[in-house]
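Coordinates in review
Letter by letter, the chains look like this.
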Amino acid sequence: MLARRALPLALASLSGLLALSCSSYELNMHENAPASAFAALPPNTARICVLRPHGVAALVPAVVHDNARLVGMTKGPSYFCYLAEAGLHHIVSRYGDDVDAKLGSDTIVDAHLTAEPGGHYFLHHDVTAILTLSVGWVEATRANEMISECDYAELVAAPSNERLPAPGEVVPAARPQ
């Protein structure tokens, strides 16, 4: 009798947890990247790709900003690329959903880069420790292996206080203060 009562309670608890696992950011996933993702670079720009080739914690998003500008998000095995002006870039990734952010249980990590004109850079979102995110730059050969394990993530919705990245938009480099 007790087991019969426990199952509905467990299912209700699981449903509640899944409902809480939400984000005000939304992705469209594509098997292949759009042609523009690897097109020729405009003058004085670099390409930065953020890679997450892990199925671990597949529902947990990692929202990415470059110099305080929203550039994309990874979730599950995914990647995205964007254009960056040559110069200094401070890239911040927040790992966790909206509930994590409200509770302060999200993880925020950053990476720095001095992008060279014509450069191609690959930032690895490593979530293999499950509850944490670490980031690190990887070489192109390793990045291409990782990309083969991922879908292309196109950010299609964000909170009203953030602007979605426009196709072909170039993120400005940080200006010296």
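Right, let's walk through the structure included here. (Residues numbered from 1 in each chain as written. Predicted model: local features only at pLDDT ≥ 70, side-chain atom pairs only at ≥ 80, totals over all residues. Heavy atoms only, no water.)

Concerning the overall build of the protein chain
How we decide: A run of DSSP states H or I qualifies as a helix once it reaches four residues; a run of E qualifies as a strand once it reaches two. Both are numbered from the N-terminal end. Pairs of residues are marked as contacts when any of their non-hydrogen atoms sit within 4.5 Å. Residue exposure ignores everything except the shown protein chains as possible cover, and the areas themselves are Shrake-Rupley values with a 1.4 Å probe.
If you tally the helices and strands in the protein chain, you get 3 helices and 11 strands. Along the protein chain, helices (α) and strands (β) appear in the sequence α-β-β-β-β-β-β-α-β-β-β-α-β-β when read from the amino end. Sequence-distant contacts in the protein chain: of pairs separated by 6 or more residues, those separated by 24 or more amount to 71%. Put simply, the protein chain shows about 9800 Å² of open surface, and 60% of that area lies on carbon and sulfur atoms.

Remarks on the state of the cysteines
Quick reminder of the rule: The disulfide definition used here is simple: a pair of cysteine sulfur atoms within 2.5 Å. Summary of the burial criterion: residues with accessible area below 20% of their type's maximum are buried, those above 50% are exposed, and those between are partly exposed, where the area comes from a 1.4 Å probe applied to protein chains only.
Within the structure shown, the criterion is met by 1 disulfide. Paired through a disulfide, Cys49 and Cys81 show a sulfur-sulfur distance of 2.0 Å. On the S-S bond that ties Cys49 to Cys81, the torsion sits near 100°, and the link is right-handed. Within this pair, whereas Cys49 is found in strand E2 (residues 45–52), its partner Cys81 is found in strand E5 (residues 78–85), the two being separated by 32 residues in sequence. Both residues of the pair, Cys49 and Cys81, belong to the buried class.

Some thoughts on the pairing of strand E4 (residues 69–75)
The following threshold applies: A pair of strands counts as paired when DSSP detects no fewer than two bridges linking them.
In terms of burial, E4 is a largely internal element, 6 of the 7 residues being buried. When strand E3 (residues 61–66) meets E4, the two strands line up antiparallel, connected through 6 bridges. Bridging from a neighbouring strand, Val64 pairs with Gly72 of E4. Counted between consecutive antiparallel strands, the loop separating E3 from E4 contains 2 residues, among which Asn67 sits at a positive phi close to 50°.

Details of the side chain of Asp66
The line we're drawing: Just so you know, the count uses Lys and Arg for positive and Asp and Glu for negative, and it drops His and the chain ends. The salt bridge criterion pairs a side-chain nitrogen of Lys or Arg with a carboxyl oxygen of Asp or Glu, the two atoms within 4 Å. Between N or O atoms, a polar contact is any pair within 3.5 Å; within protein, one atom must be a potential hydrogen donor and the other a potential acceptor, and residues adjacent in sequence are included only when both atoms are from side chains.
With respect to the helices and strands, Asp66 occurs in strand E3. Of the side chains bearing the opposite charge, Arg69 lies closest to the buried Asp66, which forms no salt bridge; the N-O distance is 9.6 Å. Engagement of the side chain of Asp66 in a polar contact is seen with the side chain of His89, the distance being 2.9 Å. Beyond its immediate chain neighbours, meaning those up to four positions away, Asp66 contacts Ile48, Val71, Tyr82, Ala84, His89, His90, Ile91 and Val171.

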